[in-house]
Amino acid sequence: MKMIFRPTDCWRWYFDKEYGNLMLEVSPEMLFRSCYSSKVLIPDVFGEFPFSVSDATAYYLFRDSCQSLNLDESQQIELSINAIVAANFLKPQMPKSWYFSQQPQLFVPKVADIVEVNMQEDGQRVTLMVVEAGENASLCIIAQPTFTAMNRTFNFAEAIKVMNDRLRPATHNFVDNMQEITDLQAIS
């Protein structure tokens, strides 16, 4: 049975002090916790506010992009919701491009593009989703299970800003074995 998950005017964002995360209340029985802690969020999120029309538009844009990834439906929803949070509510970041090799051709990404980078250490490919496209660097989220770079572990949906000269369009589905990551963080 396919899950129907569409934004409504009842959805609302709020900051949960107990968890220290931004939450999305979908219904009285269903909450989603973003993967970003309070220290990386802008001050505007420490209250309650509606899931806006632009949030809904972004949700569908990110969700459509997820179709090209080997993700189950709950993982697509999780990635899409975290993409909205990253695009709208994260503090500005500096690029962390030193993890990745420069590409031979400059790629100009768009929001919701699925892209890949090659690890500087071993050439391993990593799949990302662009959530904010800039002229020189883009904010992306990890669109695969964890990967390790220079002794640092990056997790599914974690945000990282990358110089555009490190990005290239993803060539095919790289995200396998997604069941290894935590299932959608629904709290009720």
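Residues numbered from 1 in each chain as written. Predicted model: local features only at pLDDT ≥ 70, side-chain atom pairs only at ≥ 80, totals over all residues. Heavy atoms only, no water.

Enquirer: Looking at this structure, I do not really get the overall build of the chain. What am I missing?
Expert: Of regular secondary structure, the chain possesses 2 helices and 12 strands. Each of the 188 residues in the chain was classed as buried or not, and the buried ones make up 52%. For the chain, contacts bridging at least 24 residues in sequence account for 60% of all contacts bridging at least 6. Here the chain displays about 9,700 Å² of accessible surface, and carbon together with sulfur accounts for 50% of that area. (Helix = DSSP H or I, 4+ residues; strand = E, 2+ residues; numbered from the N terminus. Buried < 20%, exposed > 50% of the residue type's maximum accessible area, 1.4 Å probe, protein only. Contact = heavy atoms within 4.5 Å. Areas by Shrake-Rupley, 256 points an atom, 1.4 Å probe, with all protein chains shown as cover.)

Enquirer: Just checking my understanding: could you explain helix α1 (residues 53-66) for this structure?
Expert: Since the α-helix turns once every 3.6 residues, residues separated by three or four places project in the same direction. If you check α1, its first and last C-alpha atoms are 20 Å apart, about what 14 residues at 1.5 Å a residue would give, namely 20 Å. For α1, the set of buried residues is Asp-55, Ala-56, Ala-58, Tyr-59, Phe-62, Arg-63, Ser-65 and Cys-66. Where α1 is buried, its residues meet β1 (12-16), β4 (48-50), α2 (73-89), β5 (114-118) and β6 (125-132). (Expected span 1.5 Å × (residues − 1).)

Enquirer: Quick question: what am I supposed to make of the pattern of salt bridges here?
Expert: If the charged atoms of two oppositely charged side chains come close together, the side chains can form a pair. Tallied over the entire structure, the rule returns 7 salt bridges. The shortest N-O distance in the salt bridge between Glu-48 and Arg-12 comes to 2.9 Å. Within this pair, whereas Glu-48 is found in strand β4, its partner Arg-12 is found in strand β1, the two being separated by 36 residues in sequence. For Glu-48, a relative accessible area of 58% puts it in the exposed group. (Salt bridge = Lys/Arg side-chain N within 4 Å of Asp/Glu carboxyl O.)

Enquirer: Can you help me understand the packing of α1 against α2 in this one?
Expert: When two helices pack together, their arrangement is given by the angle between the helix axes and by the axis-to-axis distance. One can describe the packing of α1 onto α2 by two numbers: an axis separation of 9 Å at closest approach and a directional angle of 130°. Taken together, the axis directions place α1 and α2 in an arrangement best described as oblique. The two elements α1 and α2 cross, and the hand of that crossing is right-handed. Residues Asp-55, Ala-58, Tyr-59, Phe-62, Arg-63 and Cys-66 of α1 lie in contact with α2, whose contacting residues are Glu-73, Gln-76, Ile-77, Leu-79, Ser-80, Ile-81, Ala-83, Ile-84 and Asn-88. Taken together, the residues that form the contact of α1 with α2 break down as 9 nonpolar, 3 polar and 3 charged. (Axes fitted to C-alpha atoms, helices over the stretch in contact; angles between N-to-C directions. Parallel < 35°, antiparallel > 145°, perpendicular 65-115°, else oblique. Left-handed = near helix turned anticlockwise from the far one by under 90°. Nonpolar A, V, L, I, M, F, W, Y, C, P; charged D, E, K, R; others polar.)

Enquirer: So what exactly am I meant to see when it comes to the packing of aromatic side chains here?
Expert: Aromatic rings considered in pairs are described by the distance between their centres and by the relative angle of their planes. Counting across every chain of the model gives 14 aromatic pairs. With centroids separated by 5.5 Å and ring planes inclined at 75°, the aromatic side chains of Trp-13 and Phe-89 adopt a geometry described as edge-to-face. Separated by 76 residues along the polypeptide, Trp-13 in strand β1 and Phe-89 in helix α2 bring together distant segments of the chain. Summarising the burial analysis for this pair, Trp-13 and Phe-89 share the class buried. Feature note: the residues Phe-5, Trp-11, Trp-13, Phe-32, Phe-49, Phe-51, Tyr-59, Tyr-60 and Phe-89 constitute an aromatic cluster, connected by ring pairs. (Phe/Tyr/Trp six-rings, centres within 6.5 Å; stacked < 30°, edge-to-face > 60°.)

Enquirer: Honestly, the sheet that holds strand β7 (residues 137-142) in this entry has me stumped. Any pointers?
Expert: Sheets are built from strands paired through backbone hydrogen bonds, the pairs being either parallel or antiparallel. Read from one edge of the open sheet, 5 strands run β10-β7-β6-β5-β11, paired in antiparallel fashion. Looking at which strands have only one partner, the edges of the open sheet turn out to be β10 (159-163) and β11 (168-169). When β7 meets β10, the two strands line up antiparallel, connected through 5 bridges. Opposite Ile-141, over in β10, you have Ala-159 as the bridge partner. (Pairing = 2+ DSSP bridges.)

Enquirer: I'm lost on the environment of Thr-171 in this one. Help?
Expert: With respect to the helices and strands, Thr-171 occurs in the loop between β11 and β12 (186-187). Residue class for Thr-171 comes out exposed when judged on its relative accessible area of 55%. It is 10.0 Å that separates the C-alpha atoms of Thr-171 and Thr-127, two residues lying 44 residues apart in sequence. Contact partners of Thr-171, with chain neighbours within four places excluded, come to Glu-116 and Arg-125.

Enquirer: Honestly, the layout of surface pockets in this entry has me stumped. Any pointers?
Expert: Gaps left between atoms show up when a probe the size of a water molecule is rolled over them. When its volume is computed, the largest pocket comes out at roughly 350 Å³. Lining the largest pocket are 17 residues, and of these Tyr-36, Val-40, Arg-152, Glu-158 and Ala-159 sit closest to its centre. Contributing elements (two or more residues each) for the lining of the largest pocket: β3 (30-37) and β9 (152-154). Take the lining of the largest pocket: its biggest share by element is 3 residues, from β3. In terms of residue class, the lining of the largest pocket is built from 8 nonpolar, 4 polar and 5 charged. (1 Å grid on protein atoms, 1.4 Å probe; cavity = no way out; pocket = protein on both sides within 12 Å on 5 of 7 lines; lining within 4 Å. Points joined across faces, edges and corners; volume = space filled by probe spheres on them.)

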